[in-house]
2 protein chains.
Amino acid sequence: MTSPANLKNMGLKATLPRLKVLELFEHHEKQHLTADDVYRMLINEQIDIGLATVYRVLTQFEQAGLLIRHHFDSEKAVYELNAGQHHDHLVCLQCGHVEEFYDEEIERRQNMIAEQRGFAIHDHSLHLYADCKRDACPRRSPHK
Amino acid sequence: MTSPANLKNMGLKATLPRLKVLELFEHHEKQHLTADDVYRMLINEQIDIGLATVYRVLTQFEQAGLLIRHHFDSEKAVYELNAGQHHDHLVCLQCGHVEEFYDEEIERRQNMIAEQRGFAIHDHSLHLYADCKRDACPRRSPHK
DNA sequence: AGGCGCATGAGAAGTATTTGCAAATACGGA
DNA sequence: TCCGTATTTGCAAATACTTCTCATGCGCCT
């Protein structure tokens, strides 16, 4: 999993900050993290890391294809581990909870549309904004 | 079109800055503008306006449903006139050119997916990033 | 173990956007 | 048409997020 070899194979030295950041994404249940999330969590683990380093590492990992960057609605970028298979997102407007989905037909039509217009599609992002049904969602929390 | 009544009907005083901003969106061929675009264009028209005001007005118009805000790929938000009918966007990664499209089937499947999971969909954004075919696109401009 | 060179941390610098505030303005009433 | 007042505006300073600068530190090859 989180072995130095992983990093070295992609031309990056296996430094402590990089190992820790990668580990965080691999072992944490919350899969979408902002730079600040990562920074705070590592600081909490007594790891001496700088916010600038977090940003640098996230960018490097993204370029290396290890992480994927999203923007959802807010100003801040969130990163998730690149699990290999593409998916889109359903984001709760109340609590920020994110669910993933994949729809063959939607993908197909996207490609068709781009093709019809002579565009060479590189990438796409599809976000559905809604209210989720989790108990933790403030929308459902009974007043008080 | 750009009449004071439009603004008054939505509870906003028909001030010069607001009229001018609205006019810009209604009469300009480029339909997706950033706050800075709007600011610069009005300054060029000899209109004394502050950037802060542009931001405030854009926000007010968005809340009033007159404009729609998008984020596309970059950090900066772009606004477009709310023409009433929803559409998604195809964005050129090279020149920033934006084309709009609408696909009944994609919309249908989005709703279906949200429904299946018990989500109440509020909104969605679908962006296809690709290379466009316009002559102006730097990708096609034969090297110098 | 030793040394070169990339990587790091801290803070400054940059963007994009928001806010505080005094001066300017819209607009209904006189 | 002129006023009063509540809004709105422009400016500058403040935020929020991200990137850059640079002196120091650490990974990695020998």
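All figures in this text were calculated on a predicted structure; none of them were measured in a lab. (Residues numbered from 1 in each chain as written. Chains lettered and ligands numbered in written order. Predicted model: local features only at pLDDT ≥ 70, side-chain atom pairs only at ≥ 80, totals over all residues. Heavy atoms only, no water.)

Caption draft 1: Quick peek at the protein's contact with DNA strand D. In the neighbourhood of DNA strand D, 19 residues make up the surrounding shell, with Y55 of chain A together with R18, D48, T53 and R56 of chain B lying closest. Here T15 of chain B contributes a side-chain N or O atom positioned 2.8 Å from a phosphate oxygen of DNA strand D. One nitrogen or oxygen atom from the main chain of I49 of chain B is found 3.5 Å from a phosphate oxygen belonging to DNA strand D. Listing elements by their share of the surface near DNA strand D, those giving two or more residues are α4 (51-63) of chain A together with α2 (16-27) and α4 (51-63) of chain B. (Near = heavy atom within 4 Å. Polar contact = N/O pair within 3.5 Å; in protein donor to acceptor, adjacent residues only side chain to side chain. Helix = DSSP H or I, 4+ residues; strand = E, 2+ residues; numbered from the N terminus.)

Caption draft 2: Molecular detail of the relation of the copies chain A and chain B. When chain A is fitted onto chain B, the two copies agree to an RMSD of 0.1 Å after a turn of 179 degrees and an axial shift of 0.0 Å. Interpreted geometrically, this transformation is the action of a two-fold axis. Among all residues of chain A, the one whose C-alpha sits closest to the rotation axis is L126 of chain A, at a distance of 2.1 Å. Residue by residue, 97% of the interface of chain A is reproduced at the interface of chain B, so both copies engage with the same surface. (Least-squares fit on C-alpha atoms with pLDDT ≥ 70 in both. Contact = heavy atoms within 4.5 Å.)

Caption draft 3: Seen up close, the domain arrangement of chain A. Residues and elements named next belong to chain A. Under the domain assignment, chain A is made up of domain 1 (1-84) and domain 2 (85-144). A straight line from the C-alpha centre of domain 1 to that of domain 2 covers 22 Å. Contacts between domain 1 and domain 2 engage eight residues on the former and nine residues on the latter. There are zero salt bridges connecting domain 1 and domain 2. Summed over the shared surface of domain 1 and domain 2, the result is four residue pairs in polar contact (both at pLDDT 80 or more). Split by residue class, the side of domain 1 that touches domain 2 holds two nonpolar, four polar and two charged. (Domains from an automatic or database assignment. Salt bridge = Lys/Arg side-chain N within 4 Å of Asp/Glu carboxyl O. Nonpolar A, V, L, I, M, F, W, Y, C, P; charged D, E, K, R; others polar.)

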